[in-house]
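Given next are the chains, with one letter for each unit.
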Amino acid sequence: MIRLLMTIIIAVAVSVTAMSAKETGKSRFNLATYNIRFLSKSDSLAGNNWHRRCPEIAKVVRLHEFDIFGTQEGLKYQLETLKAELPGYDYIGVGRTDGKSAGEHSAIYYDTTQFDVVDHGDFWLSETPDKPGLGWDAACYRICTWGRFRHRQSGREFLYFNLHMDHVGKTARIESGKLIQRKIKEFGSDLPTFLSGDFNVDQNNECYRSIVDAGVFRDSHSIAGYVHEPNGTWNDWKPNGFTRSRIDHIFVTDGIEVKKYAIFTDHYFSTDKPQTHDKGEGYDFEVVDYTLRTPSDHYPVMVAVEL
């Protein structure tokens, strides 16, 4: 009888917990943006090859528990090999060159145990967003991938837009910001919405200001309950470099509470150079001369949020 009573109590407790999550309608998760740097011959010759960087990027994702994250610059091969390093994750997004698999992507990865994809799509940052093409004064094709996701535990849905703005075209960046906000209005939805990516401008640029001043989005950095910011977001492959510029951003609409904001500066070591050993007198350990490296030429940005 005692065992039966305990079973009933546990079952009721579990049921109440599940009901509570549904009734409050709140969902908590970590969302990030990470420019993973495209596969480059010059990078490889400098020791920053993809087969070395990919596992390190996956470690960053797992260590800091990215539940859902946008990427930039990834080629199809990179996206697939990164996916193989992240069991339980899948991604959405197409190549910017042909709308299929060619060229860089602005893919969104998500933990399939936590999220369902309700709908998704892609559009180009140009005057003809429905097909591949250059926009305004841009130097490259630029694409935005979006998804409508459902958080399984709470049942809450949200929209997530992820992009990579042009690095040359000033008009293209301004107009791309306007296009994003028009696209969101086209959805006719009041769902909480995230906008992340490599914007190629920092927090002092007019393009950044045009986004936050429009009244649709808030910078997660500005409203976070706690900010961890040991560096800016572009490192140029220099692990000892420092900047205050943030060119990778996560913007949010009303209905999203940002608990924490963080820029992660994880590094790793490689053995490119001849190894030297320094064993101190009387000690049984040694120090080896390795090369300090960054997994990408950008640092990832993550926010812990609650809808």
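Higher on the page you've got the structure.
Here goes a summary of the coordinates provided. (Residues numbered from 1 in each chain as written. Predicted model: local features only at pLDDT ≥ 70, side-chain atom pairs only at ≥ 80, totals over all residues. Heavy atoms only, no water.)

## Considerations on the overall build of the protein
Alright, step 1. Along its length, the protein carries seven helices and 17 strands.
Alright, step 2. Every one of the 307 residues in the protein was classed for burial, and the buried ones make up 50%.
Alright, step 3. Taking the contacts inside the protein whose residues are at least 6 apart along the sequence as the reference set, 74% of them involve residues at least 24 apart.
Alright, step 4. For the protein, the exposed surface amounts to about 14,900 Å²; the carbon and sulfur share of it is 52%. (Helix = DSSP H or I, 4+ residues; strand = E, 2+ residues; numbered from the N terminus. Buried < 20%, exposed > 50% of the residue type's maximum accessible area, 1.4 Å probe, protein only. Contact = heavy atoms within 4.5 Å. Areas by Shrake-Rupley, 256 points an atom, 1.4 Å probe, with all protein chains shown as cover.)

## Structural notes on the sheet that holds strand S1 (residues 28-35)
Alright, step 1. Spatial ordering of the open sheet is given by S3-S4-S2-S1-S17-S12-S10, a layout of seven strands whose pairing is mixed. Looking at which strands have only one partner, the edges of the open sheet turn out to be strand S3 (89-92) and strand S10 (226-228). The average angle at which neighbouring strand axes cross in this sheet is 20°, direction not considered.
Alright, step 2. Here five bridges tie S1 to strand S2 (residues 68-72), and the two strands are oriented parallel to one another. Looking across to S2, one finds that Ala32 is bridged to Phe69.
Alright, step 3. Packing of helix H4 (residues 76-85) onto the sheet brings it into contact with S2, S3 and strand S4 (108-111), and relative to S3 it is tilted by some 155°. (Pairing = 2+ DSSP bridges. Axes fitted to C-alpha atoms, helices over the stretch in contact; angles between N-to-C directions.)

## Points about the pattern of salt bridges
Alright, step 1. Across all of its chains, the model carries 19 salt bridges by this definition.
Alright, step 2. The residue Arg209 makes a salt bridge to Asp213 at a minimum N-O spacing of 3.1 Å.
Alright, step 3. Arg218 is paired through a salt bridge with Asp254; the nearest N and O atoms lie 3.7 Å apart. Of this pair, Arg218 sits in strand S9 (residues 218-219) while Asp254 sits in the loop between strand S11 (248-252) and strand S12 (257-263), and the two are 36 residues apart along the sequence.
Alright, step 4. Of the residues examined, Arg218 reaches a relative accessible area of 30% and is grouped as partly exposed.
Alright, step 5. Look at Asp254 and you get exposed, because its relative accessible area is 59%.
Alright, step 6. The network of salt bridges with common partners includes Arg37, Asp43 and Asp297. (Salt bridge = Lys/Arg side-chain N within 4 Å of Asp/Glu carboxyl O.)

## Considerations on H4
Alright, step 1. When we look at burial in H4, the residues that qualify are Gln78, Leu79 and Leu82. One side of H4 carries all its buried residues, which in axial view fall inside an arc of 100°. For H4, exposure combined with an orientation more than 90 degrees from the buried face picks out Tyr77 and Ala84.
Alright, step 2. Buried residues belonging to H4 abut helix H3 (50-63), S2, S3 and S4. (Arc of directions from axis to C-beta.)

## Focus on H3
Alright, step 1. Taking 1.5 Å per residue, 14 residues should reach 20 Å; H3 reaches 19 Å between its end C-alpha atoms and fits that length.
Alright, step 2. Among all positions in H3, only Trp50, Arg53, Cys54, Glu56, Ile57, Ala58, Val60 and Val61 are buried.
Alright, step 3. Close packing links the buried residues of H3 with S1, S2, H4, S3 and strand S13 (268-270).
Alright, step 4. Positive phi shows up at Glu65, right after H3, with a value of about 60°. (Expected span 1.5 Å × (residues − 1).)

## Considering the nonpolar core
Alright, step 1. Phe29, Leu31, Ile68, Phe149, Phe158, Tyr160 and Phe194 are the most contacted members of the largest nonpolar core, which totals 23 residues.
Alright, step 2. In this structure, Phe194 is in contact with Phe29, Leu31, Phe158, Leu159, Tyr160, Phe161, Phe217, Phe251, Val252, Ile256, Val305 and Leu307, ignoring residues within four places of it in sequence.
Alright, step 3. Residues Trp146, Leu159, Ile184 and Tyr208 belong to the second largest nonpolar core, which totals 22 residues. (Core = buried A, V, L, I, M, F, W, Y, C linked by side-chain atoms within 4.5 Å.)

## Some thoughts on the side chain of Thr233
Alright, step 1. Counting through the fold element by element, Thr233 comes out in the loop between S10 and S11.
Alright, step 2. Classification of Thr233 as buried rests on a relative accessible area of 0%.
Alright, step 3. Polar side-chain contacts of Thr233 include one of 3.0 Å to the backbone nitrogen of Ile247.
Alright, step 4. Among all residues touching Thr233, those that are not within four sequence positions of it are Thr243, Ser245, Arg246, Ile247, Asp248, Ile263, Asp297, His298, Tyr299 and Val301. (Polar contact = N/O pair within 3.5 Å; in protein donor to acceptor, adjacent residues only side chain to side chain.)

## A short note on the environment of His167
Alright, step 1. Here His167 shows up in the loop between strand S7 (157-164) and helix H5 (170-187).
Alright, step 2. Judged by its relative accessible area of 45%, His167 falls in the partly exposed class.
Alright, step 3. Each C-alpha atom, one on His167 and one on Ala139, is 7.5 Å from the other, the two residues being 28 residues apart in sequence.
Alright, step 4. Setting aside residues no more than four positions away along its own chain, His167 makes contact with Ala139, Cys140, Arg142, Arg173 and Asn200.

## Focus on unusual backbone geometry
Glycine aside, residues mostly have negative phi angles, and peptide bonds mostly take the trans form.
Alright, step 1. The backbone of Trp136 shows a phi angle near 55°, a positive value even though the residue is not glycine.
Alright, step 2. Along the polypeptide, Trp136 turns up in the loop between strand S5 (115-124) and strand S6 (143-151).
Alright, step 3. Not every positive phi belongs to a glycine, and Asn200 is a case in point at roughly 60°.

## So, the packing of aromatic side chains
Alright, step 1. Under the defined criterion, the tally for this structure stands at 19 aromatic pairs.
Alright, step 2. Where Phe29 meets Phe158, the ring centres are 5.1 Å apart and the plane angle is 25°; that geometry is what we call stacked. On the criterion of sequence distance, the pair formed by Phe29 in strand S1 and Phe158 in strand S7 is long-range, its members being 129 residues apart.
Alright, step 3. Between the aromatic rings of Phe158 and Phe194, the centroid separation amounts to 5.6 Å while the plane-to-plane angle is 85°, which identifies the pairing as edge-to-face. With Phe158 in strand S7 and Phe194 in strand S8 (residues 193-198), the pair connects residues that are 36 residues apart, well separated along the chain. Accessibility assignment for this pair places Phe158 and Phe194 in one class, buried.
Alright, step 4. Every member of this aromatic cluster is reached through a ring pair, and the members are Phe29, Tyr110, Phe115, Phe149, Phe158, Tyr160 and Phe194.
Alright, step 5. Directly above the aromatic system of Phe123 lies the positively charged group of Lys183, at a separation of 5.1 Å from the ring centroid. (Phe/Tyr/Trp six-rings, centres within 6.5 Å; stacked < 30°, edge-to-face > 60°. Lys NZ or Arg CZ within 6 Å of the ring centre and 35° of its normal.)

Distances and angles like these do not, on their own, reveal function.
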